[in-house]
Amino acid sequence: MTSPDGSKFSMVLVDTEGIDAYDQTGTYSIQIFSISLLLSSLFIYNQMGGIDEAALERLQLIVEMTKHIRVRAGRGSTNELAQYTPTFFWLLRDFYLDLSDVSGKTITPRDYLESALSPVEAKNTIRERCAWKHGPGSGEPRTINNCQMSGAALATMLHCFVDAINNGAVPTISTAWQNVVEMECRRATEVAETAYRNAFDTSKLPPDEAALSAAHAKAMKLAQGVFEDTAVGDGEGRRKHERRFLEKVNEHFGDLRERKMAEAE
């Protein structure tokens, strides 16, 4: 698929059980919901028929879901959580709806949603605690802290969330993200080092300081581009791995230069 900025990305479609599965507990449904929401950029809530009292009661589960997710250790705020939640698309199927009010005036799907929520005292709680953007998805990839998630990063996030739930803890987005940054930046260091070694071929270079330095600079520029394209995050975790990558590459260059110059003597 293509995102609004023109970049390509892959879409992962996750189909989960309904929130009222007859053979599961409410706690289990909340856990499945929580994981789905944490991983998704677009969440499709699939329902047969229109919005009625029973549908709103089921929607209360989404309110409960916010108690089982944290952005960081501690309580956190709904507004903070909203930065990480997906677009919410409420799909009503297998029924016909005339989108008009009692006076016959045409209304929008959003107007219909507001009208359906109006008799419910907790409608503001539902709206605010869900803290979701309303409307159809725009084909955007899943991002965390403005970083597009790769398949490996998504798998790491999933592993962290499942571990937290299985251990009776509350899934914490910041903790999972730190693990993703560590994993992706470690991988960026490895592939950047490999790119440097492949680009810096001294076999055809003369034992000349200027020629070696020029080849090193060219290979370093290529390797830094590989690191930038692979690493995620913008904090100390990323900088730590970048420093490690530069130290290893410069150490490798120093060893090769000494060996090459020694051969000329």
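As the structure is a computational prediction, the values presented were derived from the model and not from experiment.

A.B. asks: Would you mind showing me how to read helix α6 (residues 151–166) here?
C.D. replies: The periodicity of an α-helix, 3.6 residues per turn, causes residues three or four positions apart to be oriented the same way. The end-to-end C-alpha distance of α6, which contains 16 residues, comes to 22 Å, matching closely the 22 Å that a straight helix rising 1.5 Å per residue would cover. Of all the residues in α6, the buried ones are Ala153, Thr156, Met157, Cys160, Phe161, Ala164 and Ile165. One side of α6 carries all its buried residues, which in axial view fall inside an arc of 165 degrees. Across α6 from its buried face, at more than 90 degrees, point the exposed residues Gly151, His159 and Asn166. In the segment just after α6, Gly168 is the residue with positive phi, at about 80 degrees.

A.B. asks: Where do I start with helix α4 (residues 109–117) in this structure?
C.D. replies: If you check which residues of α4 are buried, you get Tyr112, Leu113, Ala116 and Leu117. One side of α4 holds all its buried residues, which, seen down the axis, span an arc of 130 degrees.

A.B. asks: Would you take a moment to explain the pattern of salt bridges for this structure?
C.D. replies: In a structure, side chains of opposite charge can pair up when their charged atoms sit close to one another. Within this structure, the stated rule accounts for eight salt bridges. Between Arg187 and Glu184 there is a salt bridge, and its shortest N-O distance comes to 3.1 Å. Taken together, the positions of Arg187 and Glu184, both in helix α7 (residues 173–199) and three residues apart, correspond to about one turn of that helix. Look at Glu184 and you get buried, because its relative accessible area is 2%. With a shortest N-O distance of 2.6 Å, Arg243 and Glu236 are connected by a salt bridge. Given a relative accessible area of 43%, Glu236 falls into the partly exposed group. Ionic contacts of the salt-bridge type, sharing partners, join the residues Glu182, Arg186 and Lys240 into one network.

A.B. asks: I keep staring at the packing of aromatic side chains and nothing clicks. Help me out?
C.D. replies: All chains considered together, the criterion is met by three aromatic pairs. Judged by centre distance (5.5 Å) and plane angle (35 degrees), the ring pair of Tyr196 and Phe200 falls under tilted. Both rings, one in Phe227 and one in Phe245, keep their centres 5.6 Å apart while their planes meet at 5 degrees; by these two values the pair is stacked. Note that Phe227 is positioned in helix α8 (residues 209–230) and Phe245 in helix α9 (residues 236–264), a separation of 18 residues in sequence.

A.B. asks: How do you make sense of the nonpolar core when you look at a structure like this?
C.D. replies: Core analysis: the biggest nonpolar cluster contains 37 residues, and Met157, Ile173, Trp177, Tyr196, Phe200 and Phe245 have the highest contact counts within it. Looking at this core, the elements with two or more residues in it are α1 (26–39), α6, α7, α8 and α9. By residue number, the principal contributor to this core is α7, which donates nine residues. Other than its neighbours up to four places away in sequence, Phe245 contacts Thr189, Ala192, Glu193, Met220, Ala223, Gln224 and Phe227. Residues Phe33, Phe43, Tyr45 and Tyr112 belong to the second largest nonpolar core, which totals 15 residues.

A.B. asks: Explain the packing of α7 against α8 to me, please; I cannot follow it from the model alone.
C.D. replies: Two quantities define a packed helix pair, namely the angle between the axes and the distance from one axis to the other. Running from N to C, α7 and α8 point in directions that differ by 155 degrees, and their axes come no closer than 8 Å. Considering their axes alone, α7 and α8 lie roughly antiparallel with respect to each other. Note on packing geometry: the crossing formed by α7 with α8 is right-handed. Packed against α7, whose contacting residues are Glu184, Cys185, Arg187, Ala188, Thr189, Val191, Ala192, Ala195, Tyr196 and Ala199, the element α8 presents His216, Ala219, Met220, Leu222, Ala223, Val226, Phe227 and Thr230 at the interface. For the contact of α7 with α8, the class distribution of residues is 13 nonpolar, three polar and two charged.

A.B. asks: Help me out: how do you make sense of the packing of α6 against α7 in this one?
C.D. replies: Between α6 and α7, the least distance of the axes is 9 Å, while the angle of their chain directions is 140 degrees. One way to sum up the angle between α6 and α7 is to call them oblique. As α6 packs across α7, the resulting crossing turns out to be right-handed. Here Ala152, Ala153, Thr156, Met157, Cys160 and Phe161 of α6 lie close against α7, whose contacting residues are Ile173, Ala176, Trp177, Asn179, Val180, Met183 and Glu184.

A.B. asks: I tried to follow the state of the cysteines on my own but got confused; where do I start?
C.D. replies: Defined simply, a disulfide is a covalent bond joining two cysteines at their sulfur atoms. Inspection of the entire model under this criterion finds zero disulfides. Between Cys147, a free cysteine, and Cys185, which holds the nearest cysteine sulfur, the sulfur-to-sulfur gap is 9.0 Å.

A.B. asks: Please explain the environment of Leu37 as it appears in this structure.
C.D. replies: Checked against the element boundaries, Leu37 lands in helix α1. Spatially, the C-alpha atom of Leu37 lies 9.0 Å from that of Tyr84, the residues being 47 residues apart in sequence.

A.B. asks: Quick question: what am I supposed to make of a negative patch on the surface here?
C.D. replies: Negative charge collects at one region of the surface, where Glu247, Glu251, Asp255 and Glu258 lie side by side. You can see Asp255 is positioned in helix α9.

Calculation rules
- Residues numbered from 1 in each chain as written.
- Predicted model: local features only at pLDDT ≥ 70, side-chain atom pairs only at ≥ 80, totals over all residues.
- Heavy atoms only, no water.
- Helix = DSSP H or I, 4+ residues; strand = E, 2+ residues; numbered from the N terminus.
- Expected span 1.5 Å × (residues − 1).
- Buried < 20%, exposed > 50% of the residue type's maximum accessible area, 1.4 Å probe, protein only.
- Arc of directions from axis to C-beta.
- Salt bridge = Lys/Arg side-chain N within 4 Å of Asp/Glu carboxyl O.
- Phe/Tyr/Trp six-rings, centres within 6.5 Å; stacked < 30°, edge-to-face > 60°.
- Core = buried A, V, L, I, M, F, W, Y, C linked by side-chain atoms within 4.5 Å.
- Contact = heavy atoms within 4.5 Å.
- Axes fitted to C-alpha atoms, helices over the stretch in contact; angles between N-to-C directions.
- Parallel < 35°, antiparallel > 145°, perpendicular 65-115°, else oblique.
- Left-handed = near helix turned anticlockwise from the far one by under 90°.
- Nonpolar A, V, L, I, M, F, W, Y, C, P; charged D, E, K, R; others polar.
- Disulfide = S-S within 2.5 Å.
- Patch = residues over 30% accessible without salt bridge, like charges linked within 9 Å, V, L, I, M, F, W, Y side chains within 5 Å.
- Areas by Shrake-Rupley, 256 points an atom, 1.4 Å probe, with all protein chains shown as cover.
- Lys, Arg positive; Asp, Glu negative; His and termini not counted.
- Charge placed at Lys NZ, Arg CZ, Asp CG, Glu CD.

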